[in-house]
Amino acid sequence: MAVIAVTTETHPDETRVALTPDAARKLIAAGSRVVVQSGAGDRASYPDTDFQAAGAEIAPDSATAVAGADVLLKVREPEDAEIAALKPGTIVIGLFNPYQDEELVDALAAGNTTAFAMEFVPRITRAQVMDVLSSQANLAGYRAVIEAAGVYSRAFPMMMTAAGTVAAAKVFVMGAGVAGLQAIATARRLGAVVTATDVRPAAKEQVESLGAKFVAVEDDEFRAAETAAGYAKEMSPEYRAKQAALVADHIRKQDIVITTALIPGRPAPKLVSAEAVASMKPGSVLVDLAVEQGGNVEGVRRGEIAVVGGVKIIGFANMPGRIAADSSALYARNVSAFLGLILDKDGAVAPNLDDEILKASLITRAGQVVHPALADPSDTV
Ligand code: NAD
């Protein structure tokens, strides 16, 4: 019987918890023991009493929770003391930001853990149910629009009233991946007039199918700008200049800009210059979802709302953490599905490391960093 530990997240921005009472109940029914550090779910609205009702054991602190654990479930990095308290070979699963956080990867290796980074789960059909990046990006896209609406001093929908007409907000979404598409859908539901851009040609149809207008430089480079894995490529300086000119003119006329553009393993592309921000009307709002990878908007400040010439730039880190109950629930379901590859039918730890999904996401084992992309940082997925 596997012992699965869940501890409180210690990353300063983190409000999520890796397992919910509901997910714990299912693991226990399938033959595991679940030990949760007291208070681990508090910030995501999952109190200890709900975990207990689900059959989980509550440990007073993280050292007690992980003592004897076969698997440690995290949202983000375990603390050094937590790694030190694990028995050798313990499986650790979480979002470890492995391209950027070399120190953590080394610590997980030095701690003799068998660590899996959920970022590296391949986007194949069988792994869709484990796709943490999608589940969290989807909620981040939704929340970005809600945050923008919260500080925007006007309405989103057009309203015709006896006292006059309120104009619909114009929303521009930059980057139409999972987060961007949900931002488009949410802004549309609120009644905004929505446009969007992306460098991947496949995005055009998806944007249009949500009722938004697609805005991009559609040249030969654009038509070839997608990797086999469906991700964006880094664009040439020439393309970036053309795209910047097109979007700068567009941004000037927008009320809300939501940026979500990312390139795996690279700093976020700079898409909105200080001049473009200055060209917007006072009261306009930008939300930069890429702030943790360096940001898409010039002048964004991590964790803050920067006000530049009357324009607000929202730079909240960890947007999924601002909707922590739902993001934890989806994360827990993703991770529980992933555990299905690690636990056998009696609930014992028996990972098949030849499985394509486990192989792609395994980062450390037996004291070594084993993921090929981490051995050579230029080699991205
Ligand atoms: P992401 O978070 O890596 O990037 C967000 C978006 O930014 C992407 O659409 C990207 O093309 C865009 N972008 C990058 N540079 C840009 C620039 N200079 N200007 C404008 N936009 C730029 O992407 P994601 O949300 O993880 O999705 C990437 C792709 O993977 C999408 O096609 C998505 O539908 C696909 N996907 C597939 C699966 C699956 O098959 N299981 C699951 C999830 C996502």
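What counts, and where the lines are drawn
- Residues numbered from 1 in each chain as written.
- Predicted model: local features only at pLDDT ≥ 70, side-chain atom pairs only at ≥ 80, totals over all residues.
- Heavy atoms only, no water.
- Helix = DSSP H or I, 4+ residues; strand = E, 2+ residues; numbered from the N terminus.
- Rg over C-alpha atoms; globule rule 2.2 N^0.38 Å.
- Buried < 20%, exposed > 50% of the residue type's maximum accessible area, 1.4 Å probe, protein only.
- Contact = heavy atoms within 4.5 Å.
- Areas by Shrake-Rupley, 256 points an atom, 1.4 Å probe, with all protein chains shown as cover.
- Lys, Arg positive; Asp, Glu negative; His and termini not counted.
- Charge placed at Lys NZ, Arg CZ, Asp CG, Glu CD.
- Pairing = 2+ DSSP bridges.
- Right-handed = clockwise from strand over helix to strand, strands pointing away.
- Near = heavy atom within 4 Å.
- Polar contact = N/O pair within 3.5 Å; in protein donor to acceptor, adjacent residues only side chain to side chain.
- Nonpolar A, V, L, I, M, F, W, Y, C, P; charged D, E, K, R; others polar.
- Core = buried A, V, L, I, M, F, W, Y, C linked by side-chain atoms within 4.5 Å.
- Axes fitted to C-alpha atoms, helices over the stretch in contact; angles between N-to-C directions.
- Salt bridge = Lys/Arg side-chain N within 4 Å of Asp/Glu carboxyl O.
- Phe/Tyr/Trp six-rings, centres within 6.5 Å; stacked < 30°, edge-to-face > 60°.
- Lys NZ or Arg CZ within 6 Å of the ring centre and 35° of its normal.

J.: I keep staring at the overall build of the protein chain and nothing clicks. Help me out?
T.: Each helix and strand counted, the protein chain has 14 helices and 17 strands in total. In terms of overall size, the protein chain behaves like a compact globule, its C-alpha atoms giving a radius of gyration of 22 Å where 381 residues would be expected to give roughly 21 Å. With respect to the three principal axes, the spread of C-alpha positions in the protein chain is 65 × 50 × 35 Å. When burial is assessed residue by residue, the protein chain has 52% of its 381 residues classed as buried. At a minimum sequence separation of 6, the contacts of the protein chain that also span at least 24 residues come to 63%. In the structure as shown, the protein chain presents an accessible area of about 16200 Å², 54% of it carried by carbon and sulfur atoms. Between the averaged position of the 35 positive side-chain charges in the protein chain and that of its 46 negative side-chain charges there is a distance of 8 Å.

J.: What should I look at first to understand the pairing of strand 2 (residues 33–37) in this one?
T.: Within a regular strand, the side chains alternate between the two sheet faces. Most of strand 2 is tucked away: four of the five residues are buried. The pairing of strand 1 (residues 3–6) with strand 2 spans four bridges and is parallel. If you follow Val3 over to strand 2, its bridge partner there is Arg33. A crossover connection joins strand 1 to the parallel strand 2 through helix 1 (residues 21–29); in handedness this β-α-β unit is right-handed. Relative to strand 3 (residues 57–59), strand 2 runs parallel, the two sharing three bridges. What sits directly across from Val36, in strand 3, is Ile58. You can see the chain leave strand 2, run along helix 2 (residues 48–53) and come back into strand 3, and the turn it takes is right-handed.

J.: Would you mind showing me how to read the site of the ligand here?
T.: Residues in close proximity to the ligand total 21 residues, the closest being Arg123, Ser134, Val178, Asp198 and Arg200. Between Val178 and the ligand, the recorded distance is 2.7 Å, taken from a backbone N or O atom to an oxygen atom. Within the side chain of Gln243, a nitrogen or oxygen atom sits 3.1 Å from a nitrogen atom of the ligand. When isolated, the ligand has an accessible area of 840 Å², and the protein chains bury 84% of it. Across the shell around the ligand, the residue classes tally to 10 nonpolar, seven polar and four charged.

J.: I tried to follow the nonpolar core on my own but got confused; where do I start?
T.: Here is a general trend for soluble globular proteins: nonpolar side chains tend to be buried in one another's company. Of all hydrophobic cores here, the largest spans 41 residues; its most connected members are Leu19, Leu73, Ile93, Met118, Phe338, Leu339 and Ile342. Broken down by secondary-structure element, the contributors of at least two residues to this core are strand 1, helix 1, strand 2, strand 4 (71–73), strand 5 (91–94), helix 12 (324–339) and helix 13 (356–361). A per-element tally of this core places helix 12 first, with seven residues. Apart from the residues lying within four places of it in its own chain, the contact partners of Ile342 are Ile91, Ile93, Phe116, Ala348, Val349, Ala350, Pro351 and Leu358. Core analysis: the next-biggest nonpolar cluster, separate from the first, contains 39 residues, Ala196, Ala212, Phe214 and Val287 among them.

J.: In this structure, what is going on with the sheet that holds strand 15 (residues 311–314)? I would like to understand it.
T.: The sheet built from seven strands is open, its strands ordered 11-10-9-12-13-15-14 with mixed pairing. Only two strands of the sheet have a single partner each, and these edge strands are strand 11 (213–214) and strand 14 (305–308). Here strand 9 (residues 170–174) runs beside strand 12 (residues 256–259); their pairing, made up of four bridges, is parallel. Bridge pairing in strand 12 links Val173 to Ile258.

J.: Looking at this model, I keep getting lost on the sheet that holds strand 4. Mind explaining?
T.: Strand pairing in a sheet relies on backbone hydrogen bonds, with the paired strands running either antiparallel or parallel. Taken in spatial order, the eight strands make up an open sheet running 3-2-1-4-5-6-16-17, and their pairing is mixed. Edge positions in the open sheet fall to strand 3 and strand 17 (368–369), since each of these has one partner strand only. The pairing of strand 4 with strand 5 spans three bridges and is parallel. Each residue of the ladder has a partner; that of Leu72, found in strand 5, is Val92. Along the sheet, helix 12 contacts strand 1, strand 4, strand 5 and strand 6 (114–117); its crossing angle with strand 5, the most-contacted strand, is approximately 145°.

J.: What is the right way to look at the pattern of salt bridges in this model?
T.: Pairing is possible between side chains of opposite charge, provided their charged atoms come close. The full count for this structure, using the stated rule, is 24 salt bridges. A salt bridge links Arg126 to Asp355, with the shortest nitrogen-to-oxygen separation between them at 3.2 Å. Within this pair, whereas Arg126 is found in the loop between strand 6 and helix 6 (132–151), its partner Asp355 is found in the loop between helix 12 and helix 13, the two being separated by 229 residues in sequence. The exposure class assigned to Asp355 is buried, which follows from its relative accessible area of 14%. Here Glu234 makes a salt bridge to Arg266, at a shortest N to O gap of 3.1 Å.

J.: Mind showing me how you'd approach the packing of aromatic side chains here?
T.: Both the distance between ring centres and the angle between the ring planes are used here to describe each pair of aromatic rings. The tally for this structure, following the rule as stated, stands at four aromatic pairs. Here the aromatic rings of Tyr152 and Phe156 are separated by 6.0 Å at their centres, their planes lie at 80°, and the arrangement is edge-to-face. By relative accessible area, which is 9% here, Tyr152 ends up buried. By relative accessible area, Phe156 is classed as buried at 6%. Sitting over the face of the ring of Phe316, Arg322 holds its NZ or CZ atom 3.7 Å from the ring centroid.

Coordinates in, geometry out; function isn't part of it.
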